[in-house]
Amino acid sequence: MEGTQVLISVDQDSPVPPYEQVRGQLAELIGDGRLPVGSRLPTVRQLAADLRLAANTVARAYRELEAAGLLETRGRNGTFVAPGRDDALDRLQQAATGYAAEARRLGVPPDRALALVRAALDAIRHD
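Residues numbered from 1 in each chain as written. Predicted model: local features only at pLDDT ≥ 70, side-chain atom pairs only at ≥ 80, totals over all residues. Heavy atoms only, no water.

Q: Explanation requested: the environment of arginine 23 in the structure shown.
A: If you trace the backbone, arginine 23 turns up in helix 1 (residues 18–31). Filtering out sequence-adjacent residues up to four positions away, arginine 23 remains in contact with Ala61, Glu64 and Leu65. (Helix = DSSP H or I, 4+ residues; strand = E, 2+ residues; numbered from the N terminus. Contact = heavy atoms within 4.5 Å.)

Below, the structure written as structure tokens:
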């Protein structure tokens, strides 16, 4: 991604917060292999400038992707697509991306879509 055209965009008119748009699009690019393991992402400041967003917006997206195990930050060396993902997590990421796209298509707000997933996970735990 670094040194190439930015592969994501932000719709300022969308009800989906900009950080979530960035996070979701990067997760999709990673999940389907368009951003392979080891790919270096632009710096927070560079991507924020490219997308005309505040740096904190992009930083939040990167933090959430790092917490999900999709990215890793190597200090001053930058942020990279994390290695070591397994097939189960890749398939789950693809399912999550599909769910998120369907929720957006149906106009379901992100907090409601997440609540539905939490309820489903809770129901499975109690079986």
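Q: It is not clear to me how the confidence of the model for the protein should be interpreted in this structure. Could you clarify?
A: Caution applies to low-pLDDT parts of the model: their predicted coordinates are not meant to be read in detail. Mean pLDDT over the protein: 87, with 90% of residues reaching 70 or higher. Here residues 1–5 scores under 50 on pLDDT; set against residues more than four positions off or in separate chains, the count is ten contacts. (pLDDT = per-residue confidence, 0-100.)

Q: In this structure, what is going on with the pattern of salt bridges? I would like to understand it.
A: Note on pairing: side chains with opposite charge can pair once their charged atoms come close. Scanning all chains against the criterion turns up six salt bridges. The salt bridge partner of arginine 74 is glutamate 72, with a shortest N-O separation of 2.8 Å. With a relative accessible area of 36%, arginine 74 lands in the partly exposed category. With relative accessibility at 25%, the residue glutamate 72 sits in the partly exposed group. Arginine 105 serves as the salt-bridge partner of glutamate 102, at 2.7 Å between the closest nitrogen and oxygen. (Salt bridge = Lys/Arg side-chain N within 4 Å of Asp/Glu carboxyl O. Buried < 20%, exposed > 50% of the residue type's maximum accessible area, 1.4 Å probe, protein only.)

Q: Is there a simple way to explain the side chain of threonine 79 in this structure?
A: Position of threonine 79 relative to the elements: it lies in strand 3 (residues 79–81). Judged by relative accessible area, which is 11%, threonine 79 ranks as buried. Those residues in contact with threonine 79 that lie beyond four places of it in its chain are Ser39, Arg40, Leu41, Tyr62, Leu71, Glu72 and Thr73.

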